[in-house]
Every structure is written in C-alpha cells, then in structure tokens.
Amino acid sequence: MKKLILFISFISFCTFAQAQRKTEIVEPVKQDVADSNQRGIKRKVAIGRFSNETQYAKGIFYDKENDPMGKQALDILSAKLAASGKFLLLERSDLASLLEEAKKSENGLSTIGADYMIIGSITEFGRKNVGKAGILGNTKSQIVEAAVAIRLVDVSTGLIIYSDEGKGMAELTTRTTMGVGGRADYDATLSDKAISEAIGQLVENIINKCTDKPWRTYFLAYDADAQLIAGGASQGIKVGDSFTVKTKGKKVKNPQSGVMIELPGKVIGTVSVSALGGDTPETEFSYVSFTSNGAGEINADKLTDYYIEENK
C-alpha cells in the first residue's frame, strides 16, 4: 500500500513538474475608455522607414531593403497605432523621395500628404539561452531582448517633436524534475513579443504628441462653384462639422535655436461642412461654406495664406 501511495505521489509530482512552462505574454496597449469615446479628427501619419540597425540575421545575402525584422517592427507599430482609432496610416516606404519632396514643398505646404512622419529603427536585439541545474531538476530559459528607437517628425515644420527608445523582453522557461518535464524548443514568436513590448512603451507618447496640436487642413478651391477643403470621411469629418479659419502667422527665426517658427494666426471666421467627396484618403475633400467674423474675407487668389483648424 505504501509503495502504491509513493508511486501515485511520484506521478503527480512529475506531472506538476512538466506543467512548469512559463511564457511571458506581452499585453496590447490599453487605451483609456473615456478618451477613446471622444471623437476627433484622425491625423494622417506616414511611417517613412523602420530599419534594423543591429547585426542580427545579417548574412552574406542580407537585403537591407527587405529586412524581415524591420518589416516586422513596422507592422507591429502600424497595428498599435491603428488600434487607437486616432490615425489614418499612409504607406510611405521611400524615405529619400519623401524628404526630397518636403524640401521642394511650396508655401510651407508639404507634398508628403501626412501630418506626421515616423522614422524608427531596431537598435538592439539579442537572444540567449540560460539554464540552472539543481539536485532534483533543471531549468532552461530562452530570453529575447529588443530595443526600438522612434523619431516623430512634424511634416509642416520638419522638426522632430518626439524622440525616445523603448526596451522589451520576452522569456520562455521550462523545468524538468528527475528527468521528466517540458523541453524549451526554439520559439520564433519571442522576437515578436520582445519588439512588441518595446514599441508598446512608446505608442502612448506618440498618440499624445500627435493629438496635442490641433488638426489642420487647407483650402483646395474657393470660388462661386465650390468651396473645398482637404480631408474627408476616412479622417472622421462629418456633415455639420465646423472648423476655425485662420490666416497664417508671420514666420520669424528663433534666435536661440536658429529655427524658423510660425507665429499664431488670426481668426477670420469658420467653415461648416455640407458634403463629402473623394475616393481615397489621399483624394478626399469636403464641401464647406465660409462665415466671416468680420475680421476679413477669403482672397481666392491666395488660398495658401489660410488654414483651417480643429476646434479644441
């Protein structure tokens, strides 16, 4: 009877030992419920580049333009930003062309088609196996660590408004007792989880920085036939929405930084959306009607002197 009890105890102990398989799960970034219920105009964001600056997985036939880790990080960041419901993501893969377009922009209006551009890179990545041997059993762990750096650029000014680095780790642990237990095979998903955790630390700050500044757009046409502004349904604009119309402020050079800055504009009235048009986020527009506050009228020959801003 005693032998039977000891045998059952041993089987139960081994079963318990085999179950000791730990995987660190990286939870997605949680948005504040009250904040997510507030409707706002979606910002257009372009992810211009996400590169792998580490030496990991770079062999003789490495293709920088098709780096799997860089594309993986870009997809993770895109998914997290899209999940926030605050952005309209634009695919902009050729960074060199984008920057060249920005230099050629006229009257301060960017041809990139986005309010903000994100440039990111994987700066650290490593995988290691560690183990610990005991009297009754062994512990083996796979650990992946990653670091991601991100820069957020205001396209209208070319200034970097946010720059930071996030770090993440994912771990898979297995234990064996008296030769019985799980085995830690190679787990490729740990790379996803480590990079995802690193990016997740930065997403909230990206959201805050992009939404701190009021959304802005411009007149496309202003004549007897139609008054049109850029932006439409995919950005969250609805019939009946009202926006403030301002004249562009004077540009001056900041003597401390040497950077040109735009002074606050003058409010001259409002526009109210009457209809929406366009087929894609890049071509969408809204029909509006302008109401002056008595401080000025729209000069149809100088539409680039005005901008339309979200009421905050």
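Higher on the page you've got the structure.
A brief structural summary. Source: prediction; values computed, not measured. (Residues numbered from 1 in each chain as written. Predicted model: local features only at pLDDT ≥ 70, side-chain atom pairs only at ≥ 80, totals over all residues. Heavy atoms only, no water.)

**Digging into the nonpolar core**
- Ranked by size, the top nonpolar core spans 31 residues in total, and within it L77, I118, I122, V148, I195, I199 and I206 carry the most contacts.
- Elements represented by at least two residues in this core include exactly strand 2 (43-52), helix 3 (68-84), strand 4 (116-133), strand 5 (137-154), strand 6 (159-177) and helix 5 (189-212).
- At 10 residues, helix 5 tops the list of elements feeding residues into this core.
- With residues up to four places along the chain from it excluded, the contact list for V148 reads F50, S121, I122, T123, D164, E165, G166, I195, A198, I199 and L202.
- Counting 17 residues, the second largest nonpolar core, distinct from the first, contains F219, V245, V288 and F290. (Core = buried A, V, L, I, M, F, W, Y, C linked by side-chain atoms within 4.5 Å. Buried < 20%, exposed > 50% of the residue type's maximum accessible area, 1.4 Å probe, protein only. Helix = DSSP H or I, 4+ residues; strand = E, 2+ residues; numbered from the N terminus. Contact = heavy atoms within 4.5 Å.)

**Quick word on the sheet that holds strand 15 (residues 285-292)**
- In spatial order, the strands read 8-16-11-14-15-10-9; together these seven strands make up an open sheet with antiparallel pairing. The sheet is open, and its two edges are formed by strand 8 (216-217) and strand 9 (219-222), each paired on a single side.
- The pairing of strand 11 (residues 242-247) with strand 14 (residues 266-277) spans six bridges and is classified as antiparallel. Pairing of T247 across the sheet is with K266, part of strand 14. (Pairing = 2+ DSSP bridges.)

**Here's the deal with the packing of aromatic side chains**
- Evaluated as defined, the whole model comprises four aromatic pairs.
- Ring-pair connections join several aromatic residues into one group, and the members of that group are F219, Y222 and F290.
- The ring of Y307 is capped by R216, whose NZ or CZ atom sits 3.6 Å from the centre of that ring. (Phe/Tyr/Trp six-rings, centres within 6.5 Å; stacked < 30°, edge-to-face > 60°. Lys NZ or Arg CZ within 6 Å of the ring centre and 35° of its normal.)

**Description of the environment of E165**
- Examined against the element boundaries, E165 turns out to sit in strand 6.
- Residue classification places E165 among the partly exposed residues on the basis of a relative accessible area of 36%.
- As for E165 and S121, which are separated by 44 residues in sequence, their C-alpha atoms are 9.5 Å apart.
- The contacts of E165, once residues within four sequence positions are left out, are T123, A147, V148, A149 and L202.
- A polar contact of 2.7 Å, which involves the side chain of E165, links it to the side chain of T123. (Polar contact = N/O pair within 3.5 Å; in protein donor to acceptor, adjacent residues only side chain to side chain.)

**Section: the pattern of salt bridges**
- As enumerated under the stated definition, the model contains six salt bridges in all.
- Between E310 and R43 there is a salt bridge, with its nearest N and O atoms 3.3 Å apart. With E310 in the segment after strand 16 (306-309) and R43 in strand 2, this pair connects stretches of sequence that are 267 residues apart.
- The structure contains a network of salt bridges with shared partners spanning R216, K246, E262 and E309. (Salt bridge = Lys/Arg side-chain N within 4 Å of Asp/Glu carboxyl O.)

**Quick word on the pairing of strand 9**
- Judged from the three bridges that link them, strand 9 and strand 10 (residues 227-230) form a sheet pairing that is antiparallel. Each residue of the ladder has a partner; that of A221, found in strand 10, is L228.
- Counting the residues that bridge the hairpin from strand 9 to strand 10 gives four residues.

**Considering the environment of D223**
- Among the structural elements, D223 can be located in the loop between strand 9 and strand 10.
- The sequence separation of D223 and A300 amounts to 77 residues, and the corresponding C-alpha distance is 6.8 Å.
- Of the polar contacts made by the side chain of D223, one reaches the backbone nitrogen of D225; its length is 2.9 Å.

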